[in-house]
Amino acid sequence: MSFLNHSSPSSFILTGIPGLELAHFWIAFPFCIMYFMAVLGNITVLLMVMMEQKLHLPMFYFLSMLPAIDLVLTTATIPKLLSIFWFHSHEIVFEGCVAQMFFIHGFSAVESGVLLAMAFDRYLAICRPLHYSAILTSSTIAKLLLAAVVRGLGLMTPLTCMVSSLSYCGPRVIAHSYCEHMSVVKLACGDIRPNSIYGITAATVVVGSDSILITISYMLILRAVVGLSSKEARLKSFGTCSSHICVILLFYTPGLFSFYTQRWGRSIPVHLHILMADLYLLVPAVLNPLIYGMRAEPVRERVLNL
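Residues numbered from 1 in each chain as written. Predicted model: local features only at pLDDT ≥ 70, side-chain atom pairs only at ≥ 80, totals over all residues. Heavy atoms only, no water.

Per an unreviewed UniProt entry, the protein goes by the name Olfactory receptor and belongs to Eudromia elegans. The heading Sequence similarities (unreviewed entry) in the UniProt record of the protein holds the text "Belongs to the G-protein coupled receptor 1 family." (UniProt positions renumbered as here; feature names shortened; annotations may be inferred.)

Next comes the structure, spelled out in structure tokens:
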């Protein structure tokens with residue numbers, strides 16, 4: 001293939017996983033299976049929350065946002081990834097690349113906000129149970145979810161606009177399976193420091209503020225749970241919180257690894273970094289319905305009765 005140099009490329013070339021090209025065909029099978037499981041599991045949780053009247057509670061309104069976001073993240077990336085692995089469809093139009101970038105980074109930021117809202121919900125349920133219903137009204141829940149969406153998409157809109165305004169005069173090859181921000185920006189001509197600084201700042205602000213507030217919430221929750229007189233109540237509270245903590249770790253740990261190694265992890269093999277970045281978007285979407293949705297007793301009962 002020959003890659004033309006011009007300032008406004010009509011398309012980019014996604015390589016997939018550099019260094020593992022010969023294994024792409026076989027790697028696609030577990031990715032396809034996980035994608036099918038993710039779609040099936042997340043749609044199931046969404047339908048359960050919609051259909052079951054006793055699931056119309058604050059906790060499950062927040063919970064229903066996770067599968068919706070995971071469906072967006074996986075559908076924005078995995079079908080194209082599979083087409084690369086199986087059909088060698090490496091080309092992606094410039095507009096599609098920018099849109100994919102917006103969905104990936106924007107909805108990842110939204111998911112971080114939803115996880116923070118869920119931590120607030122657990123804090124009120126365990127530490128302020130008498131005020132729970134009065135504080136978490138339908139109006140408050142809608143405002144919290146709207147704030148998470150507006151903040152996440154609002155922060156990432158300038159990022160994608162900045163990428164669109166750059167000139168691209170070098171090769172069109174993106175050494176990645178999808179259009180990750182820095183992978184695209186590295187192909188641009190001229191000064192890319194504003195893009196890099198804004199991207200790092202936005203991600204650090206979102207992840208930093210949310211993780212700090214989540215940590216504070218769970219420190220207060222832990223103190224309240226330890227103080228409970230009933231062993232059964234302590235175990236129930238720990239069970240609910242452990243599910244949420246697993247989801248948080250699944251989201252933040254590989255995401256931060258992928259984000260910062262893209263900028264400073266030169267000693268990490270490229271194929272390992274790209275593979276982790278691919279799994280970061282897929283594995284949480286597969287496990288979230290099992291860890292959180294199916295561990296919730298009303299959801300589990302509804303599924304078993306189908």
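Enquirer: Can you walk me through the UniProt feature "transmembrane region" (unreviewed entry) in the protein in this structure?
Expert: The feature "transmembrane region" (unreviewed entry), as given by UniProt, occupies residues 25-47, 59-78, 98-120, 132-150, 197-226, 238-260 and 272-292 in the numbering adopted here. From the first C-alpha to the last, residues 98-120 spans 33 Å; its make-up is 100% helix and 0% strand. Helix makes up 100% of residues 197-226 and strand 0%, and the two end C-alpha atoms of the span are 42 Å apart. (Helix = DSSP H or I, 4+ residues; strand = E, 2+ residues; numbered from the N terminus.)

Enquirer: Please clarify how the state of the cysteines should be interpreted in this entry.
Expert: In a disulfide, the sulfur atoms of two cysteines are held together by a covalent bond. Under the defined criterion, the tally for this structure stands at two disulfides. The disulfide that involves Cys97 links it to Cys179, with 2.0 Å between the sulfurs. On the sign convention where negative means left-handed, the S-S torsion of about -120 degrees between Cys97 and Cys179 marks this disulfide as left-handed. Here Cys97, found in helix H3 (residues 94-127), pairs with Cys179, found in the loop between strand S3 (173-174) and helix H6 (181-185); they are 82 residues apart in sequence, far enough to count as distant. On the accessibility criterion, Cys97 (1% relative accessible area) is buried. What makes Cys179 buried here is its relative accessible area of 0%. There is a disulfide in this structure between Cys169 and Cys189, and the S-S distance comes to 1.5 Å. With the S-S dihedral at roughly -140 degrees, the linkage between Cys169 and Cys189 falls on the left-handed side. Of this pair, Cys169 sits in the loop between helix H5 (138-165) and S3 while Cys189 is found in the loop between H6 and helix H7 (193-226), placing the two residues 20 residues apart along the sequence. The exposure class of Cys189 is partly exposed, given its relative accessible area of 22%. Taken in N- to C-terminal order, the disulfide-linked cysteines of the protein are connected 1-3, 2-4. (Disulfide = S-S within 2.5 Å. Buried < 20%, exposed > 50% of the residue type's maximum accessible area, 1.4 Å probe, protein only.)

Enquirer: I keep staring at the packing of H3 against H7 and nothing clicks. Help me out?
Expert: Helices that pack against each other are described as a pair by the angle of their axes relative to one another and the distance between those axes. Here H3 crosses H7 at 20 degrees, and the two axes come no closer than 9 Å. One way to sum up the angle between H3 and H7 is to call them roughly parallel. Handedness of the crossing formed by H3 with H7: left-handed. Counted together, Ala109, Ser112, Gly113, Leu115, Leu116, Ala119, Arg122, Tyr123, Ile126 and Cys127 of H3 and Val206, Asp210, Leu213, Ile214, Ser217, Tyr218, Leu220, Ile221, Ala224 and Val225 of H7 form the full contact between these two elements. Grouping the constituent residues of the contact of H3 with H7 by class yields 15 nonpolar, three polar and two charged. (Axes fitted to C-alpha atoms, helices over the stretch in contact; angles between N-to-C directions. Parallel < 35°, antiparallel > 145°, perpendicular 65-115°, else oblique. Left-handed = near helix turned anticlockwise from the far one by under 90°. Contact = heavy atoms within 4.5 Å. Nonpolar A, V, L, I, M, F, W, Y, C, P; charged D, E, K, R; others polar.)

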